Structures are given as C-alpha cells and as structure tokens.
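# Structural characterization, general
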Amino acid sequence: MSDIHDLLPCAEPVQLIAPDGTAVEPGEQAGARGYAMPSTDDLLAVWRAMVIGRRFDAQATALTKQGRLAVYPSSRGQDACQVASMLCLEENDWVFPTYRDSMALVTRGIDPVEVLTLLRGDWHCGYDPAATRTAPQCTPLATQAVHTAGAADGLRRRGVDGIALCLIGDGATSEGDFHEGLNFAAVYDAPAVFFVQNNKYAISVPLAKQTKAPSLAYKGIGYGVRSEQVDGNDPAAVLAVMRAAREHARSGRGPMLVEAHTYRMEAHTNADDATRYRTADEVDGWTGQDPIVRLQAYLVSQGGLDDARIEEVKAEAEAMAADLRARMNAEPVVDPMDLFAHVYDEPTPQLREQMDMVRRELAGTASAASPGPTGASPSKEEAR
C-alpha cells in the first residue's frame, strides 16, 4: 500500500514559468518529484502547437457565428492544458476527450474538419477512433472516466505498453462516473491518467459551490490514486507534470490524477452569456496569465525564439485556418440511409422495416420531383 504522503499533491500548484515569462525554481516538493524545465526544443513544439491551436479555436468560433457549426465550446485560455497533455503521449496511448477538447484533438494530428464534424451536427464522430486511438468527444459529463478505466485495464491485460488519458472538467468531478472510474482504475492498477482542467466554472456554477476539497487533486487520495496539481497556464509545468504522470501509469504503479488550474476565457459555448455569472475584471485578471504569451516571452528571453520564427508559425496558423474555412464552407453530402448504418452489426427485423419505409419515402420524393412525360409534375397517383 502506498504511503499517504506519496499520494498527496504538492501543497501549491507546480510552476516552472511565471506569468511574466521568467523561469522560477520549482518548490521543494516539486523539485523532489523531479519536475524540471523541459528542453527548448520541446517547449518550442508546445508553443507552435498552441499558436496553431488558438487560431483553430478562433476560426471554429467564427464558423459557429456564421451558422456552419451548431455549437462550439471554446478552449481559449486552456491552451497549455490542451496542447501539453497531447504532446506527452506516445503511439499506443489512448485519449478520451470531452466536447471542449477540440484543440487537443487537432494537436493530436486529427483533421480539423473531422474534429468539427460532431459539432457540425453531421456525424456523432468524424474520425476513426480505432485508427487515431481517440474516443469520440464525450458530451455527457464524466462518462469518459469509466471508459478510460476500462480501456486502461484492457491495455494492462493485453500487455500493451501504453496508457489511457481521460480529459475531464472540474464540473465532472462531482459526477458519480468520475469516482467509479478512479476507483476501478486504482483497484486494478490500470495505466490511466485522469487530467482535470479546472477552469473554475461548471457552465455557470463556480468551483466554490461544487466542492469543499482544498483542491480537486485531493479527490484521488480516497481511492489510493497518486495525485498532483499544476499551474494549467504554465505550458512548461503542464508538460513536465503530465510526462511524469504518464510514466507513473505506464510503469505499472497504477493511475494518477492531475488537476490543472486554468481558466475558460470565452463563454461556456456560443449559447451561453458568461456576463451573467462572472465579471469583466475577473476575466481581465486571467488575461495576464495567457499561456502563449507566457511561453513566448520565456523562449525569446532564452534565445530560442525570434521574430522570424514567430511570423513563420503565425503564417502556418493562418494557412490552416484558410483551409478549414474553405472545406467547412462546402456543404456536406448526406445520405438519409446513413441513419441506419451503425445501429446494429446485423439489423433487427424492426430496423429493416424502418429502412424499407425510408427507402419507399425517398423513392416517392424522387419520383414526385421528376417531371412527367409532358413536362408536367406527376400526379399523386403517379408519385405513389
């Protein structure tokens, strides 16, 4: 059994780069746990992915306003969490995302149009989960925690060298599935990492009305799960902590829970009015902790980044956004029979009956739309 002190998170969130872009020495606990500044090359990769991810997020928000998406939950402000959590993963690792993790999926290498397919209202999932090792984005709160635990246990049983990563919000930690997932993963030493992006609000419910815990990271201790908390707007710290969490889980020491303290800069979705539950001063305070600005300032001060490279990556991000706009503006080709394509592997008699009914209706519609021999529309009898 683990010593209780091994399970406890650091008393303060792990931080390696201050909001002004200067390096800080990790606290005594963080230093003892080996959290060190990642290499310049690794941080450059995180910075580039955040710039591209932020541009993707802004473009998706614009597409929603243009009616090209049904809904879009922005992750601006959570960029470090979205990007660094993906860049610590390896080939056999699985990801179980929420509806807000579109930026993470783009960072994972999934086609942006396929990422937005669900939010467009086209398919339930636009990418191949098996090929990408990425589960469909989860809208119900916390159900992906149970999926993560099961998938991680499956990896363990098959002897696969990989982990399952659960992306989860602070509101979901109040759901039963979150606790069931933690408990199952702990009991079976499943190689899972539960990454809580604590953006301070469950839609409009502030954190103080969700929990009395000193930090959400402490929720793992009751299940015997090693836990940690990190400054979620510090890309270097998130990368260091998530790499350590992955190695902890991968090496057979059981699951790990990581809480990232961050902030959602935009409203919950385009359908939300965030001014009803938070002030402009609060938002402005978090603007000064922008993860992209923070990391860029650090890299420039270290000589790892210059104006030429900054402009080059901005141009790359704009090209991605232009390509996304062009492809999202093309109307999707839909087939009504796709309604039945993935209901059952072997259609039931009832489903076959429904399929036949839709086919007849489609045939009738097509016939009614075709002109008769004289150029006139067919009569009702002809249409039947």
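Before reading further, recall that the structure is shown in the block above.
Notes on the structure in this doc start here. Sequence order as written defines the numbering, with residues in each chain counted from 1. Per-residue local features are limited, in this predicted model, to residues with pLDDT of at least 70; the limit for side-chain atom pairs, both in listing and counting, is 80 or more; totals at the level of whole chains, interfaces and linings are taken over all residues. By convention in this description, side-chain values take in all heavy atoms of the structure and omit both hydrogens and water.

What follows deals with the packing of helix H3 (residues 40-65) against helix H6 (residues 112-120). In a packed pair of helices, the relevant descriptors are the angle between the two axes and the axis-to-axis distance. Two elements in contact, H3 and H6, have axes whose closest approach is 12 Å; the angle formed by their N-to-C orientations is 40°. Judged by the inter-axis angle, H3 sits oblique to H6. Crossing handedness for the pair H3 and H6: right-handed. Packed against H3, whose contacting residues are Phe56, Ala60 and Leu63, the element H6 presents Pro112, Val115 and Leu116 at the interface. For helices, the fitted line uses only the C-alpha atoms of the stretch in contact; every axis is such a line through C-alpha atoms, and the angle between N-to-C directions lies from 0 to 180 degrees. The numbering of helices and of strands both runs from the N terminus, where a helix is a DSSP run of H or I of at least 4 residues and a strand a run of E of at least 2. In this scheme, roughly parallel covers angles under 35 degrees and roughly antiparallel covers those over 145, while 65 to 115 is roughly perpendicular and the rest are oblique. Here a crossing is taken to be left-handed if its near helix is turned anticlockwise relative to the far helix by less than a right angle, and right-handed if that turn runs clockwise. Whether two residues are in contact is decided by their heavy atoms, any of which lying within 4.5 Å being enough.

Looking now at the nonpolar core. Buried Ala, Val, Leu, Ile, Met, Phe, Trp, Tyr and Cys residues that are joined via side-chain atoms within 4.5 Å together make up what is termed a nonpolar core. Partly exposed describes any residue whose relative accessible area lies between the buried limit of under 20% and the exposed limit of over 50%, with all areas from a 1.4 Å probe on protein chains only and scaled to the type maximum. By size, the foremost hydrophobic cluster in this structure holds 66 residues, and its most contacted members are Trp47, Leu116, Phe195 and Leu295. Take this core: its biggest share by element is 10 residues, from H3. Beyond its immediate stretch of four places on either side in the chain, Leu295 contacts Ile17, Leu43, Val46, Trp47, Met50 and Pro235. By size, the runner-up hydrophobic cluster in this structure holds 21 residues, among which are Ala152, Ala164, Phe178 and Val225.

A separate point is the packing of helix H4 (residues 79-87) against helix H10 (residues 235-250). One way to put it is that H4 packs onto H10 with a least axis distance of 9 Å and a crossing angle of 35°. In terms of crossing hand, the pair formed by H4 and H10 is right-handed. Each of Ala80, Cys81, Ala84 and Ser85 in H4 lies in contact with H10, whose residues at this interface are Pro235, Val238, Leu239 and Met242. Polar here means any residue other than Ala, Val, Leu, Ile, Met, Phe, Trp, Tyr, Cys and Pro, which are nonpolar, and Asp, Glu, Lys and Arg, which are charged; Gly is therefore polar. Taken together, the residues of the contact of H4 with H10 break down into 7 nonpolar, 1 polar and no charged.

Taken as a whole, helix H12 (residues 291-301) has its buried residues at Pro291, Ile292, Arg294, Leu295, Tyr298 and Leu299. Along the long axis of H12, the arc covered by the buried residues comes to 165°, so they all point the same way. Turned more than 90 degrees off the buried face of H12, the exposed positions are Val293 and Ser301. For H12, the elements touching its buried residues are H3, H4, strand E6 (226-231) and H10. The arc refers to the directions leading from the helix axis to the C-beta atoms.

The subject of this paragraph is the sheet that holds strand E3 (residues 192-198). Whether two strands pair comes down to DSSP finding at least two bridges between them. The strand order E1-E2-E3-E7-E6 describes an open sheet built from 5 strands, whose pairing is parallel. For this open sheet the edge positions go to strand E1 (94-96) and E6, each flanked by a neighbour on one side alone. Each strand of the sheet is rotated relative to its neighbour by a mean of 20°, with strand direction disregarded. In terms of strand pairing, strand E2 (residues 164-169) meets E3 through 6 bridges, oriented parallel. Following the sheet pairing, Ile168 is matched in E3 by Val196.

In terms of burial, E2 is largely enclosed, as 5 of its 6 residues are buried. By the bridge criterion, 3 bridges tie E1 to E2 in an arrangement that is parallel. Across the sheet, Trp94 pairs through a bridge with Ala164, a residue of E2. With strands facing away from the observer, any crossover in which the path from the first strand over the helix to the second runs clockwise is taken as right-handed. On the question of chirality, the crossover connecting E2 to the parallel E3 by way of helix H9 (residues 176-187) is right-handed.

Before going further, it helps to examine the packing of aromatic side chains. Stacked, tilted and edge-to-face are the three classes applied to pairs of Phe, Tyr and Trp rings, where Trp contributes its six-membered ring and a pair requires centres within 6.5 Å; stacked means planes under 30 degrees apart, edge-to-face means over 60, and tilted covers the rest. Inspection of the entire model under this criterion finds 5 aromatic pairs. Look at Phe56 and Tyr72: their rings are 6.5 Å apart centre to centre, the planes differ by 80°, and that puts the pair in the edge-to-face class. With Phe56 in helix H3 and Tyr72 in the loop between H3 and H4, this pair connects stretches of sequence that are 16 residues apart. No difference in accessibility class separates Phe56 from Tyr72, as the two residues are buried. Ring centres of Tyr263 and Trp286 lie 5.0 Å apart, and the angle between their planes is 5°; on these two criteria the pair is classed as stacked. Residue Tyr263 is located in the loop between strand E7 (256-261) and helix H11 (280-287), and its partner Trp286 is located in helix H11; the two are separated by 23 residues in the primary sequence. Here Tyr263 and Trp286 have matching classes, each one buried.

Before going further, it helps to examine the side chain of His268. Inspection of the secondary structure puts His268 in the loop between E7 and H11. In this view, His268 contacts Pro73, Ser74, Tyr99, Arg100, Ile203 and Tyr277; residues no more than four positions away in its chain are not counted.

The residue Gln59 is located in helix H3 in this model. Every residue in contact with Gln59, bar those within four places of it in the chain, is listed here: Ala321, Leu324 and Arg325.

Bringing the pattern of salt bridges into the picture now. For salt bridges, the criterion is a side-chain nitrogen of Lys or Arg within 4 Å of an Asp or Glu carboxyl oxygen. What the rule picks out here adds up to 21 salt bridges. Between Asp79 and Arg54 there is a salt bridge; the shortest N-O distance is 2.7 Å. Taken as a pair, Asp79 in helix H4 and Arg54 in helix H3 lie far apart in primary sequence, 25 residues in all. A residue is classified by how much of its surface remains accessible, and Asp79, at 0% relative accessible area, is buried. The buried category is assigned to Arg54, whose relative accessible area is 17%. In this structure, the salt-bridge partner of Glu247 is Arg250, at a minimum N-O distance of 2.9 Å. One end of the pair, Glu247, and the other, Arg250, are both in helix H10, 3 residues apart, so they sit about a helical turn from each other. One network of salt bridges, with partners in common, ties together Arg54, Asp79 and Asp290.

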